[in-house]
Amino acid sequence: MSQEETQVGASVIELVSVTPDGTSTPLAHETHMQSESIVDGAKAPRVEPNWTDLLSPYQYADSGLRSRSNSSLGRSSFSISSYGSSTSVYSIPIEDAESERSVRGKSHKQVVRELTVEVMPALLVSVAGSVGAGAVLGHIQGSRAFEREPALLVMVSVLLNLKSNIELNMSTRLSTLANLGAFTMWTDGVDALRSNMELLLLQATLVGVVVGVIAAVLGTVGMGDVAVLLAVGVACAVVGSAVVGVLVSATVVVGHRAGIDPDNIGTPIASSFGDMSTLLIMGVVSTGLVDQIHTLWPVATVGAFAMLGVGLLRVVQANHQMSHHVTSGYLPLVYAAITSSVAGVIVERCAQRFPSMPALVPVVNGIGGNIGTVFASRISTSLHKQRGRFVASEHNLSMIILLLINVPIQMGFLALRQVFDPELQISAWFLVAYTVATAVHGLSMLVVGRMTCRWLWARGYDPDDCVNPFITGTGDMLGAILLALVFVIVF
């Protein structure tokens, strides 16, 4: 009889101090490798670790956690989470530990270093992505496909908004998992990436169909055009999300292994390359499908992606760790779609009077939205790690630094815009008004991210699934209003 033993996962044992008011503080953690046996080619039942034996060392002084009489920490408990399987919580009495060993969030020095060294380059990349997306949109608007099918232009803003938000949600989920240690084991990391990619592609399929229907209704087109719009919408959403999903996964994994907090770089990278790649794909797909409007190719394309969506739905529903995501997070997406549409109407009406205004909108909203999503991603991870405890000092400092980063990047873009577009008359009053507007916009995004994360967490919702659409939707509408006020007041 032959027997092989392979490692299949890890369980993280965390020592957590729980005070009488319910506040929990992590004190120490230990990783236990799990294995399964293969006997004569067949898998033997997985043997769970003996938790009593594993936990017992922490009840004695030789564990490094010294006992302390009359401690104010209160009763302590152990939280045992197995990545790749369900989470179980065991509570056993142990001696109180030194409060000096409790984890109280990141130090101020670490926060400053992370936000300046990691976030600023990511924001600069996002600016380049926003400018690139604008250039690509300007190019494809004049293409033959857009001239023959004007409803495609209606599709652009809604598609970019909804698709961007589901990609941002994936980035925040993976960043939280990375910071919780889900990528410690290779197999667990691969499972997390695969399951999140499956969920993203399922959501992208739904987004593509919804966007196609909206474009068809608002564009008042014929039946043949409906098939083309549905095919373009679902193809762009799924293919574009697949590209961005791979990019986000690589960013999170590589960044985490390099010692970079994925919360600081994931969402800016997702938003910057997401719009540009989607528009590039849209230009190619729309050109090919519009030319086939009187053939069965558009219908066949919709049918193929519909079958893909059904298959993905079954796969995600069968995954107990991801199945609850299938029905969650859609109301925030609706909110984002509505508010972004309002922003589009504002920009469209102001463009006739102020031709230079539309070029500033994507960057103002993009940078402000990115610092908001970075901040929200950091808060969400902190809430997961600290079990709901809000580390106010760390997040207050993060707000100040992100706001200070926002202003010089906005000013730098404005200076470059003046070089390449001399028609934009930048006076002293315009510079002051623009600075105030971008500062108000950035601060508002930080406040929205902070308040929404805490509100969602307190009501049992995972901020990773819901917070980003609130930030981007509010940011798009507020940014359009503030820029309109700047141009009205100055000009």
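This one's a predicted model, so the numbers in the text were calculated from it and none came from an experiment.

## A look at the overall build of the protein
Within the protein one finds 13 helices and five strands. Burial status across the protein gives 51% buried among its 491 residues. For the protein, the proportion of contacts with a sequence separation of at least 24, taken over those separated by at least 6, is 79%. On the protein, roughly 22300 Å² of surface is accessible, and the fraction owed to carbon and sulfur atoms is 64%.

## Focus on the pattern of salt bridges
Any two side chains of opposite charge can pair, so long as their charged atoms come close to each other. All chains considered together, the criterion is met by seven salt bridges. Of the charged contacts in the structure, one is a salt bridge between aspartate 465 and arginine 173, with a shortest N-O distance of 3.2 Å. Linking aspartate 465 in helix 13 (residues 463–490) with arginine 173 in helix 4 (residues 151–179), this pair joins segments that are 292 residues apart in sequence. Notably, a salt bridge pairs glutamate 394 with arginine 378, separated by 3.9 Å at the nearest N-O pair. Of this pair, glutamate 394 sits in helix 11 (residues 392–420) while arginine 378 sits in helix 10 (residues 357–385); the two residues are 16 residues apart in sequence, bridging distant segments of the chain. Accessibility assignment for this pair places glutamate 394 and arginine 378 in one class, buried. Residues participating in the shared-partner salt-bridge network are Glu114, Arg378 and Glu394.

## Quick look at empty space enclosed by the protein
If a probe as big as a water molecule is rolled over the atoms, it shows which places are left empty. Using the criterion set out here, one finds three cavities of 30 Å³ or more in the structure. Of the voids in this model, the largest cavity is the one considered here, and its volume is about 50 Å³. Lining the largest cavity we find Ile166, Asn169, Arg173, Gln203, Ser328, Gly329, Leu333 and Asp465. Broken down by element, the residue count for the lining of the largest cavity peaks at three residues, all from helix 4. Residues belonging to the lining of the largest cavity are distributed by class as follows: two nonpolar, four polar and two charged.

## Concerning the state of the cysteines
Here the structure, examined in full by the defined rule, presents zero disulfides. Here cysteine 466 is not disulfide-linked; the sulfur of cysteine 453 is the nearest cysteine sulfur, at 10.0 Å.

## Concerning the packing of helix 4 against helix 9 (residues 330–351)
Packing of helix 4 against helix 9 brings their axes to within 10 Å, and their N-to-C directions diverge by 145°. Every pair of crossing elements has a handedness; the one defined by helix 4 and helix 9 is right-handed. Across the interface between the two elements, Val158, Asn161, Leu162, Asn165 and Ile166 of helix 4 pack against Leu333, Ala336, Ala337, Ser340 and Ser341 of helix 9. Classifying every residue of the contact of helix 4 with helix 9 by side-chain character gives six nonpolar, four polar and no charged.

## Notes on the packing of helix 2 (residues 108–141) against helix 7 (residues 262–290)
Closest axis-to-axis distance for the helix 2/helix 7 pair is 8 Å, and the angle between their directions is 10°. With respect to helix 7, the axis of helix 2 lies roughly parallel. Every pair of crossing elements has a handedness; the one defined by helix 2 and helix 7 is left-handed. Of the residues contributing to the contact of helix 2 with helix 7, the split by class is 15 nonpolar, six polar and three charged.

## Considering the confidence of the model for the protein
Across the protein, the average pLDDT comes to 78, with 76% of residues at or above 70. Low pLDDT, under 50, characterises residues 17–23; the stretch is placed with 17 contacts to residues that sit more than four places away or in other chains.

## Describing the packing of aromatic side chains
Tallying each qualifying case throughout the model produces six aromatic pairs. Ring plane angle 45° and centroid distance 5.3 Å describe the contact between tyrosine 335 and phenylalanine 470, whose orientation is recorded as tilted. Of this pair, tyrosine 335 sits in helix 9 while phenylalanine 470 sits in helix 13, and the two are 135 residues apart along the sequence. Taking the relative accessible area as the measure of exposure, tyrosine 335 reaches 29% and is therefore partly exposed. A ring pair is formed by phenylalanine 430 and phenylalanine 491, whose centres lie 5.7 Å apart and whose planes are at 45°; its orientation type is tilted.

## Some details on the nonpolar core
Core analysis: the biggest nonpolar cluster contains 57 residues, and Leu152, Met155, Val232 and Met282 have the highest contact counts within it. Broken down by secondary-structure element, the contributors of at least two residues to this core are helix 2, helix 3 (144–148), helix 4, helix 5 (186–219), helix 6 (223–257), helix 7, helix 8 (297–318) and helix 9. Take this core: its biggest share by element is 13 residues, from helix 4. Apart from the residues within four sequence positions on either side, methionine 282 is in contact with Phe146, Leu152, Met155, Val156, Leu159, Val232 and Cys236. Within the second largest apolar cluster, 48 residues are counted, among which are Val111, Ile379, Tyr434 and Cys453.

## Section: helix 10
Residues spaced three or four apart along an α-helix point in a common direction, a consequence of the helix completing one turn every 3.6 residues. With 29 residues, helix 10 ought to run about 42 Å at 1.5 Å a step, and its terminal C-alpha atoms sit 42 Å apart, in line with that. Of all 29 residues in helix 10, 24 are buried; the element is thus mostly enclosed. Where helix 10 terminates, the next one or two residues include arginine 387, which has phi positive at roughly 55°.

## Focus on the side chain of serine 175
Counting through the fold element by element, serine 175 comes out in helix 4. At 3.4 Å, the side chain of serine 175 and the backbone oxygen of proline 262 are in polar contact. With residues up to four places along the chain from it excluded, the contact list for serine 175 reads Val252, Pro262, Asp263, Ser377 and Thr381.

## Some words on a nonpolar patch on the surface
A cluster of nonpolar residues, Val154, Val209, Val213, Val217 and Leu218, forms a patch on the protein surface that exposes about 410 Å² of accessible area. When residues of the nonpolar patch are assigned to their parent elements, the largest contribution, four residues, is made by helix 5. Position of valine 217 relative to the elements: it lies in helix 5.

## Focus on the environment of glutamate 167
Along the polypeptide, glutamate 167 turns up in helix 4. According to the relative accessible area criterion, glutamate 167 is buried, its value standing at 2%. Residues glutamate 167 and glycine 240 lie 73 residues apart in sequence; the distance between their C-alpha atoms is 10.0 Å. The contact partners of glutamate 167, leaving out residues within four places of it in the chain, are Leu200, Gly240, Ser241, Val244, Ala270 and Gly274. A distance of 2.5 Å separates a polar atom in the side chain of glutamate 167 from a polar atom in the side chain of lysine 163.

How each quantity is defined
- Residues numbered from 1 in each chain as written.
- Predicted model: local features only at pLDDT ≥ 70, side-chain atom pairs only at ≥ 80, totals over all residues.
- Heavy atoms only, no water.
- Helix = DSSP H or I, 4+ residues; strand = E, 2+ residues; numbered from the N terminus.
- Buried < 20%, exposed > 50% of the residue type's maximum accessible area, 1.4 Å probe, protein only.
- Contact = heavy atoms within 4.5 Å.
- Areas by Shrake-Rupley, 256 points an atom, 1.4 Å probe, with all protein chains shown as cover.
- Salt bridge = Lys/Arg side-chain N within 4 Å of Asp/Glu carboxyl O.
- 1 Å grid on protein atoms, 1.4 Å probe; cavity = no way out; pocket = protein on both sides within 12 Å on 5 of 7 lines; lining within 4 Å.
- Points joined across faces, edges and corners; volume = space filled by probe spheres on them.
- Nonpolar A, V, L, I, M, F, W, Y, C, P; charged D, E, K, R; others polar.
- Disulfide = S-S within 2.5 Å.
- Axes fitted to C-alpha atoms, helices over the stretch in contact; angles between N-to-C directions.
- Left-handed = near helix turned anticlockwise from the far one by under 90°.
- Parallel < 35°, antiparallel > 145°, perpendicular 65-115°, else oblique.
- pLDDT = per-residue confidence, 0-100.
- Phe/Tyr/Trp six-rings, centres within 6.5 Å; stacked < 30°, edge-to-face > 60°.
- Core = buried A, V, L, I, M, F, W, Y, C linked by side-chain atoms within 4.5 Å.
- Expected span 1.5 Å × (residues − 1).
- Polar contact = N/O pair within 3.5 Å; in protein donor to acceptor, adjacent residues only side chain to side chain.
- Patch = residues over 30% accessible without salt bridge, like charges linked within 9 Å, V, L, I, M, F, W, Y side chains within 5 Å.

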